[in-house]
Amino acid sequence: MGCTWCEISQLESLELYFSIHYNIDRQLRSNFTFHHCFDQIPQMSTRWLPAAQLTASGRPVFILGEVESSLLSGVDIEPDDQYPNLSPLKSGILILTTHRLIWISDSSSAFAIPLSAVTHIFSPKKSIKAMFASPRIRIQVLVSPQNGCLDEKGSKSMVITIVVRGKTDPEAFLGKLWEAWRGRAWETLKEESSSSTSTDEGSSRSGIRTRSAVVGVAGILRKEQEMWESTDKSLQDAFQDLNALMDKAKEMVMLAEKMRQKLLSGPSTQGTGTNDEEIGSKQEMQDWMLSVGIASPVTKESAGALYHQQLSRQLADFVKIPLEKAGGMISLIDIYCVFNRARGTELISPEDLLQACSIWEKIDVPVMLRKFDSGVMVIQNKSYSDEEVLARINALVLKPDSLRSGISASDAAMALGIAPAMAKEHLLTAESKGLLCRDISPDGFRFYVNLFGEILTEDIYLVKDYGTYGTWISAVLASR
Amino acid sequence: MNRRPGIGGLQAAAAARDQYRLLGASVAKRRTDLMKEQLVTFRSQLEDFARKHRNDIRKNPTFRAQFHEMCAKVGVDPLASNKGFWAELLGIGDFYYELGVQIVEICLAARPHNGGLINLQELCNLLGQKRKTAREAVSEDDCLQAISKLKVLGSGFEVISVGKKKLVRSVPTELNKDHNEILEVAQGQGYVTVEEVQRRLSWSAGRATDALETLLEASSCQSIEGLAMIDEGHRDGKCHYWFPCISSISSYVGS
């Protein structure tokens, strides 16, 4: 076992750690960024943060009432200097929710800092050094005195530094962190059960509102008049402002086009040092283009905007249940409606959905997007196999009833337990594979088993009495 | 550039390449910074606009239509993603996506009646009934915008023009020109006969019958029901082909 980044073996990295760690003065040590090799050394790193659960697609499992509030990428979490045996967490995604700070690494390990353990959030230091270094957010948390592990009931405290190396806005994040921390959402859960009676009284009191008296026909007319006046005036302003805004937007679009060319041209440098930065700035560009409203392409290197990456994981989790109900395959338009209805607010656009589904190819999830010849796009389980369905259709079509009068889409739908539209797709696929033949008659559109394969080209009138041909003859004769 | 032979030459060439690369990187960085600045200015301008006119956009469909037209001219798509500035600051994203979901529901409910084609006017009426509680007016243009977004999901949502009317298609069936022309003819009375089609469009009997049969059957690839209904019991003995999507029968039972 070794470091996945630099391929140094564990034994070697232990030596490295010792040689660097103990030979350098303590003061200097804090200014070095250690090779993250050291995270892999089990003896040295202690789990000092509680682990967080992840779903199969890499999204955190939320507790009851927990709501996600913000997301930062490229984040390191560093413990206090007082506890030298605690190893820092490098390069992950930090998700702020109403209850916790969840850190997810690229290798799918996750830790969480419950906000109830936070005792203080420091305001950012404004110094010269701070301008050049990556922005840092420092919070004070409660720890247990023995080993420095995070403990909500601990007696000692420790300062944790959150280093934001990714190119996102730490100030906004800090604001949201304050809000979430002050909101104390984790406490309301305990309060709710005890103070349910008092809330009832409170709500009834607030229900009695005094309304300004605008009564009668005069009132209605006056309201209409006011509405018209305000609309008229504001529309003039609105159109002027709109024009100004659009001019600005035009400039943005021209700049974005240039950026997009650069994005699509692919990596040009051969040096290994600049790769990180390039990938980072490409990610940034994707995010910008998305904000302005220009479609960001999902290229081979980048996986689209960060928003879409998270959305695709969320979608992979969500889609499992509807997929079960629909029998393994569900059309994109159906999932769009179901997903948006479930969301309630902050709906996603159809393009968001499409982007999220196309990202699935890059990450390891058990679902995939599939496009049929007719243009219909569906989501299906990766484990879903066409062969299995074709075998079932084959069995269905060889039954005596079906040999006599064929099967229609609705018959297949009932027998296979899937939606009629999907059943039709499957029947057409079976036909294109040579398994079935279609029959269009005034009775409708039906499918029969394909017997053409059994007819010998030398003697096409020979009526076989074995094989599928034979079975068919006997079934048809039996009905007479 | 002089290519000197030997190690010295290679080193010089490598150094020159490095220089160019650094220069390129700094130019790129400058461009990136410029873009960042522009974005911040643009965002603040959009915030001002939103503060003043957010309600206008919500309440006034004409203004909304104008807004979309200008966005299209400039080349930005305000509905592209819910994470964009437009959706975030103006709040129109949710409005259109919700509208999209409602349109899909209405189309699916009406499909057994009309086979997947519905009149745009009809759709707007049904939407109005469904959205009685919401206070925001929905214009035809809003529907058109929402449907144009739904197109990417691949199930064939599209608006087609037949003569003066606009129809919304919700099945992936491709309607070829012949079908469109028949629909145009049907606009007058809601139904056509084979003779009428032959007379008005000067087609052969075979062509007219073929097209009508296709519209009637469920053989068009994705719809289980056909787009036309046949009435063979008419007094004059001829077959009448009715098109519920064209006619003004608006007594659908809403879901």
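What you see is a predicted model; the values in this text were computed from it and never measured.

1. Quick word on the packing of aromatic side chains
Residue and element names in this part refer to chain A. With the rule as written, the count across this model stands at 5 aromatic pairs over all chains. Ring centres 5.7 Å apart and planes at 70° place the aromatic pair tryptophan 178 and tryptophan 181 in the edge-to-face group. Remark: tryptophan 181 and tryptophan 178 occur in helix 4 (residues 170-183); sequence separation between them is 3 residues, near one turn of the helix. The interplanar angle of 65° and the centroid separation of 4.9 Å between the aromatic rings of phenylalanine 318 and phenylalanine 339 together place this pair among those described as edge-to-face. Here phenylalanine 318, found in helix 9 (residues 306-318), pairs with phenylalanine 339, found in helix 11 (residues 332-343); they are 21 residues apart in sequence, far enough to count as distant. In this structure, arginine 138 is placed above the aromatic ring of phenylalanine 122, and the distance from its NZ or CZ to the ring centre is 4.8 Å.

2. Things to note about helix 4 of chain A
Given 3.6 residues per turn, any residue in an α-helix points the same way as the ones three and four places further on. Residue and element names in this part refer to chain A. In this model helix 4 runs 20 Å from its N-terminal to its C-terminal C-alpha over 14 residues, within 8% of the 20 Å that 1.5 Å per residue would give. Those residues of helix 4 that fall on the buried side of the exposure criterion are Pro170, Phe173, Leu174, Leu177, Ala180 and Trp181. End-on, the buried residues of helix 4 take up no more than an arc of 125°, which puts them together on one face. Counted as exposed and oriented over 90 degrees from the buried face of helix 4: Glu171, Glu179 and Arg182. At the exit of helix 4 stands arginine 184, carrying a positive phi of roughly 50°.

3. Let's talk about the packing of helix 9 of chain A against helix 12 (residues 350-359) of chain A
Residues and elements named next belong to chain A. Where helix 9 meets helix 12, the closest approach of the two axes is 8 Å, and the angle between their N-to-C directions is 80°. Relative to helix 12, the element helix 9 lies roughly perpendicular. Residue-level contacts link Tyr307, His308, Gln309, Leu311, Ser312 and Leu315 of helix 9 to Asp352, Leu353, Gln355, Ala356, Cys357 and Ile359 of helix 12. Classifying every residue of the contact of helix 9 with helix 12 by side-chain character gives 7 nonpolar, 4 polar and 1 charged.

4. Here's the deal with the interface of chain A and chain B
Facing the 59 residues of chain A at the interface are 56 residues of chain B. Summed over both sides, the interface between chain A and chain B buries roughly 5,500 Å², with carbon and sulfur atoms accounting for 70% of that surface. Of all residues in chain A, Leu245(A), Trp288(A) and Ile333(A) bury the most surface against chain B, accounting for 11% of the area lost on that side. There are 3 salt bridges connecting chain A and chain B. The residue Glu351(A) makes a salt bridge to Lys149(B) at a minimum N-O spacing of 3.2 Å. Where chain A touches chain B, the interface holds 4 residue pairs in polar contact (both at pLDDT 80 or more). Of all elements in the fold, only helix 7 (216-265), helix 8 (275-292), helix 9, helix 11, helix 12 and helix 16 (420-432) of chain A reach the threshold of two or more residues within the side of chain A that touches chain B. Element by element, the count of residues in the side of chain A that touches chain B is highest for helix 7 of chain A, at 22 residues. Here the residues of the side of chain A that touches chain B sort into 33 nonpolar, 13 polar and 13 charged.

5. Brief notes about a nonpolar patch on the surface
Residues and elements named next belong to chain B. Residues Tyr20, Leu23 and Val27 make up a contiguous nonpolar surface patch of about 330 Å² in total accessible area. If you trace the backbone, valine 27 turns up in helix 1 (residues 6-59). Valine 27 gets classed as partly exposed once you look at its relative accessible area, which sits at 36%.

6. Looking at the sheet that holds strand 2 (residues 89-97) of chain A
Residue and element names in this part refer to chain A. On the basis of which strands lie adjacent, the open sheet formed by 7 strands has the order 4-3-2-1-7-6-5 and antiparallel pairing. Strands at the two margins of the open sheet, each flanked by one partner only, are strand 4 (110-114) and strand 5 (118-121). Averaged over all pairs of adjacent strands, the angle between strand axes in this sheet comes to 35°, irrespective of strand direction. For strand 6 (residues 136-143) and strand 7 (residues 156-164), the ladder comprises 8 bridges, and the chain directions are antiparallel. Note on strand 7: the bridge partner recorded for arginine 136 is valine 163.

7. Points about the packing of helix 1 of chain B against helix 2 (residues 61-74) of chain B
Residues and elements named next belong to chain B. In contact at an axis separation of 6 Å, helix 1 and helix 2 are set at 115° when each is read in the N-to-C sense. Contacts from Phe49, His53, Asp56, Ile57, Arg58 and Lys59 in helix 1 reach Pro61, Phe63, Arg64 and Phe67 in helix 2. Considering only residue class, the contact of helix 1 with helix 2 consists of 5 nonpolar, 1 polar and 4 charged.

8. Regarding the pairing of strand 10 (residues 377-381) of chain A
Residues and elements named next belong to chain A. The buried fraction of strand 10 amounts to 4 of the 5 residues, a majority that puts the element mostly inside the structure. In terms of strand pairing, strand 8 (residues 329-331) meets strand 10 through 3 bridges, oriented antiparallel. Its bridge partner being in strand 10, methionine 329 is matched across the sheet by glutamine 380. Here strand 9 (residues 367-371) runs beside strand 10; their pairing, made up of 5 bridges, is antiparallel. Following the sheet pairing, leucine 369 is matched in strand 10 by isoleucine 379. What sits between strand 9 and strand 10 in their antiparallel hairpin is a turn of 5 residues, with glycine 375 showing a positive phi close to 100°.

About the criteria used
Residues numbered from 1 in each chain as written. Chains lettered and ligands numbered in written order. Predicted model: local features only at pLDDT ≥ 70, side-chain atom pairs only at ≥ 80, totals over all residues. Heavy atoms only, no water. Phe/Tyr/Trp six-rings, centres within 6.5 Å; stacked < 30°, edge-to-face > 60°. Helix = DSSP H or I, 4+ residues; strand = E, 2+ residues; numbered from the N terminus. Lys NZ or Arg CZ within 6 Å of the ring centre and 35° of its normal. Expected span 1.5 Å × (residues − 1). Buried < 20%, exposed > 50% of the residue type's maximum accessible area, 1.4 Å probe, protein only. Arc of directions from axis to C-beta. Axes fitted to C-alpha atoms, helices over the stretch in contact; angles between N-to-C directions. Parallel < 35°, antiparallel > 145°, perpendicular 65-115°, else oblique. Contact = heavy atoms within 4.5 Å. Nonpolar A, V, L, I, M, F, W, Y, C, P; charged D, E, K, R; others polar. Buried area = accessible area lost by both parts, 1.4 Å probe. Salt bridge = Lys/Arg side-chain N within 4 Å of Asp/Glu carboxyl O. Polar contact = N/O pair within 3.5 Å; in protein donor to acceptor, adjacent residues only side chain to side chain. Patch = residues over 30% accessible without salt bridge, like charges linked within 9 Å, V, L, I, M, F, W, Y side chains within 5 Å. Areas by Shrake-Rupley, 256 points an atom, 1.4 Å probe, with all protein chains shown as cover. Pairing = 2+ DSSP bridges.

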